[in-house]
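# Working through the structure, step by step
The residues making up each chain are set out below.
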Amino acid sequence: MPDQDTLPTPGEVAADHVVATAVARHRETVAAVLARRDPRLLVVVGPCSVHDPAAALDYAHLLATAAERLSDDLVVVLRAYLEKPRTVAGWTGLLPDPTLDGKGDIAAGLRLGRTFLLAAAATGLPLAYEFVDPMLAHYVADVVTWGAVGARTVASQPHRHLASWLPMPVGMKNCVSGRVDTAVDAIRAAGLPHAFPGVAADGRLTTLRSAGNPDAHLVLRGGPTPNYHAADVAAALAALTAAGLPARVVVDASHGNSGKDHHRQPGVVEDLAGQVADGNRALVGVMIESYLSDGRQDAGAGTPRPDLSVTDACLGWDRTVPLLETLARAAARRRATG
Ligand SMILES: O=C[C@H](O)[C@H](O)COP(=O)(O)O
Ligand SMILES: C=C(OP(=O)(O)O)C(=O)O
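Attention here is on the structure that accompanies the text. Remember, it's a predicted structure, so these values are computed and weren't measured experimentally. (Residues numbered from 1 in each chain as written. Chains lettered and ligands numbered in written order. Predicted model: local features only at pLDDT ≥ 70, side-chain atom pairs only at ≥ 80, totals over all residues.)

### A word on unusual backbone geometry
Of note in this structure, Arg36 is not a glycine but carries a positive phi near 65°. Within the fold, Arg36 resides in the loop between helix 2 (20–34) and strand 1 (41–46). On the basis of neighbour count, Arg36 is assigned to the partly exposed category, with 14 C-beta atoms found within 10 Å. Phi is positive for Leu100, which is not a glycine, with a value near 60°. (Helix = DSSP H or I, 4+ residues; strand = E, 2+ residues; numbered from the N terminus. Buried ≥ 20, exposed ≤ 12 C-beta atoms within 10 Å, placed from the backbone.)

Structure below.
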């Protein structure tokens, strides 16, 4: 007799494949941007974490409208992050803890999370997702266009193996310490075939065999000091070239690149826009942490506001739109001078 914490199988919560065609098309578009066959700039933008699906969906609708307006110059992907890696401890995300109180009702989180992801995908936006728990990946990967392996897991073999199998571009973040070489190693590892354990649609553990991911790439997110300046980007590109990897990089304006101070994200984005406008074609994308309202709140102190991040502080929507426009102008200028 299964106990009440028995999880559904991936097959039981899977989509009815209506979204599969759109997801496949989005993945091809992002891969084309990474390969520079598409001259537009990738922008991965959205909340640090989704804690209130209805409010996050409101955000997704705003973003979808802006993304459509700027689509000549930008490929906009929504951060739809339902798991959070923690430095020590804290809320771990909607999927593992949907009630935000540590009860850990993962079965409910899977149902709520899937419903959110499908509704977010229905806005027409491609979705970004950090794969924190390799087992949970099998419940969400089918609707994700751009995957991330984060700064706290980029050295992990299971995450590298997972990335080698995921049928989508995967960004490998530099370590929290600021080390970029670990992410370069992760890109190399993800590019190779592997056999590793995974969860089948029927819930059984199975051996997965990957072919290697040709679209794994570097994400610079800073460390104790930022690494978004032109010289840091050039050094990272040189490290990729020296490792025999394609010279391309996405730069995260948040996290170590803004010292976790959301007020510093606009300055970082403007610097990156300058690098793009100056013709840096290897700078293929930018990440921004943005939500409905500016700032953050502590989860656990009463009912959290729906419109305010419970993890990292985000830029509010009103401050995000001008940054998207700045990036679009920069991408247009780069294309015009190409
Ligand atoms: O992106 C979110 C956070 O930076 C990440 O989950 C780590 O958070 P923590 O250092 O507060 O645990
Ligand atoms: C946790 C995140 O980033 P990092 O791994 O760079 O800290 C994130 O993007 O939510």
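Following the structure, the description resumes.
### Regarding the pairing of strand 8 (residues 216–220)
Across the five residues of strand 8, five count as buried, placing the element largely inside the fold. Neither face of strand 8 is left uncovered, since the one carrying Ala216, Leu218 and Leu220 and the one carrying His217 and Val219 both have all their residues buried. Here strand 5 (residues 170–173) pairs with strand 8 via four bridges, running parallel. Looking at the pairing, Met172 lines up with Leu218 of strand 8. Pairing analysis gives three bridges linking strand 8 to strand 9 (residues 249–252), with the strands arranged parallel. Within the sheet, the bridge partner assigned to Val219 lies in strand 9 and is Val250. (Pairing = 2+ DSSP bridges.)

### Brief notes about the site of ligand 1
What surrounds ligand 1 is the set Cys48, Lys84, Pro85, Arg86, Thr87, Gly90, His255, Thr311 and Asp312. Of the residues belonging to the shell around ligand 1, the class tally is two nonpolar, four polar and three charged. (Near = placed C-beta within 6 Å. Nonpolar A, V, L, I, M, F, W, Y, C, P; charged D, E, K, R; others polar.)

### Description of the site of ligand 2
With respect to spatial proximity, the complete set of residues near ligand 2 consists of Cys48, Tyr81, Pro85, Glu130, Gly150, Ala151, Arg152, Lys173, Arg221 and His255. Looking at the shell around ligand 2 residue by residue, the classes come out as four nonpolar, two polar and four charged.

### A word on the nonpolar core
Among the nonpolar cores identified, the biggest contains 98 residues, and Val43, Leu74, Val77, Leu127, Val286 and Leu327 are the most heavily contacted of them. With sequence-adjacent residues up to four places away left out, Leu74 is seen in contact with Arg40, Leu41, Val43, Ala67, Leu324, Leu327, Ala328 and Ala331. (Core = buried A, V, L, I, M, F, W, Y, C linked by C-beta atoms within 7 Å. Contact = placed C-beta atoms within 7 Å.)

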